[in-house]
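Given next are the chains, with one letter for each unit.
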Amino acid sequence: MLAAGIEGTGTVTVAECHTAKARASGTLDVFATPAMIELIEETAWKSVAEELEEGCATVGTSLQIKHLSATPVGMRVTCKTRLKEVDGRRLLFDVTVEDEAGRVGEGTHERFIIQAEKFQKKADAKKEV
C-alpha cells in the first residue's frame with residue numbers, strides 16, 4: 001500500500017560520464033547536478049513502483065534541490081528518499097544525497113501517479129500537431 005514513510009536508496013560511483021564537464025553543466029570533473037537529479041528521480045520512482053496499481057507509473061513534476069558540495073570522480077554517492085506525503089496522485093519525497101565525506105545535496109521531489117499507457121499516448125500525440 002502506498003503510504004508515507006516508504007524509503008528508497010540509490011547509489012552510484014562517480015565516473016567521467018557523471019561529471020559536469022560530460023553533462024554540459026560546467027567545466028569540472030565533479031559530480032554534476034543533472035547527474036544528482038537523475039539519481040534522485042530514479043531512487044524515488046523505484047521506491048514506490050511496487051506499490052502502484054497495475055498500469056500505473058510516476059512522473060517527476062518538481063524538484064527543490066540544493067547541491068551543497070562537490071564530489072570528485074571515483075567517490076560513491078548515495079541518495080536516500082523518504083515518501084513524506086501522499087495527496088491523491090501527488091507524492092512528495094524528502095531527499096538527501098551524500099558521498100563518503102558527507103552531505104552533498106538535499107531537498108524535496110514531487111511526483112505524480114499516472115496511467116502509463118494514457119500518458120504515453122497523450123505525449124506521442126504532440127508529434128501530430
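Let me begin by describing the structure that accompanies this report. Every chain is numbered on its own, with residues counted from 1 as its sequence reads. pLDDT decides what is reported in this predicted model: residues at 70 or higher carry local features, side-chain atom pairs at 80 or more are listed and counted, and totals for whole chains, interfaces and linings draw on all residues regardless. Note: side-chain values were computed over all heavy atoms of the structure, leaving out hydrogens and water.

1. Overview of the pairing of strand 5 (residues 102–115)
Thought 1: Pairing between two strands is assigned when DSSP locates at least 2 bridges connecting them. Elements are defined by DSSP. Helices are runs of H or I of four residues or more, strands are runs of E of two residues or more, and each kind is numbered from the N terminus. Bridge count for strand 2 (residues 56–67) against strand 5 is 11 bridges, and the pairing is antiparallel. Counted as the bridge partner of Q64 is T108 from strand 5.
Thought 2: As paired strands, strand 4 (residues 90–99) and strand 5 are joined by 10 bridges and run antiparallel to one another. Counterpart to D94 in the pairing with strand 5 is T108.
Thought 3: From the end of strand 4 to the start of strand 5, which pair antiparallel, there are two residues.

2. Considerations on the side chain of S47
Thought 1: Inspection of the secondary structure puts S47 in helix 1 (residues 33–48).
Thought 2: Sequence-distant contacts of S47, defined by excluding residues within four places in its chain, comprise I6, E7, G8, T81 and F93. Contact between two residues is taken to exist if any of their heavy atoms lie within 4.5 Å; hydrogens are not considered.

3. Some words on the sheet that holds strand 3 (residues 76–87)
Thought 1: What the five strands build is an open sheet, ordered 1-3-4-5-2; its pairing is antiparallel. One side of each edge strand has no neighbouring strand; the edge strands of this open sheet are strand 1 (7–13) and strand 2. Taking the axes of each pair of neighbouring strands and ignoring which way they run, one obtains an average angle of 25° across the sheet.
Thought 2: By the bridge criterion, seven bridges tie strand 1 to strand 3 in an arrangement that is antiparallel. Considered in strand 3, the bridge of T13 is made with R76. All axes here are fitted lines through C-alpha atoms, helices being fitted over the stretch that makes contact, and every angle between N-to-C directions spans 0 to 180 degrees.

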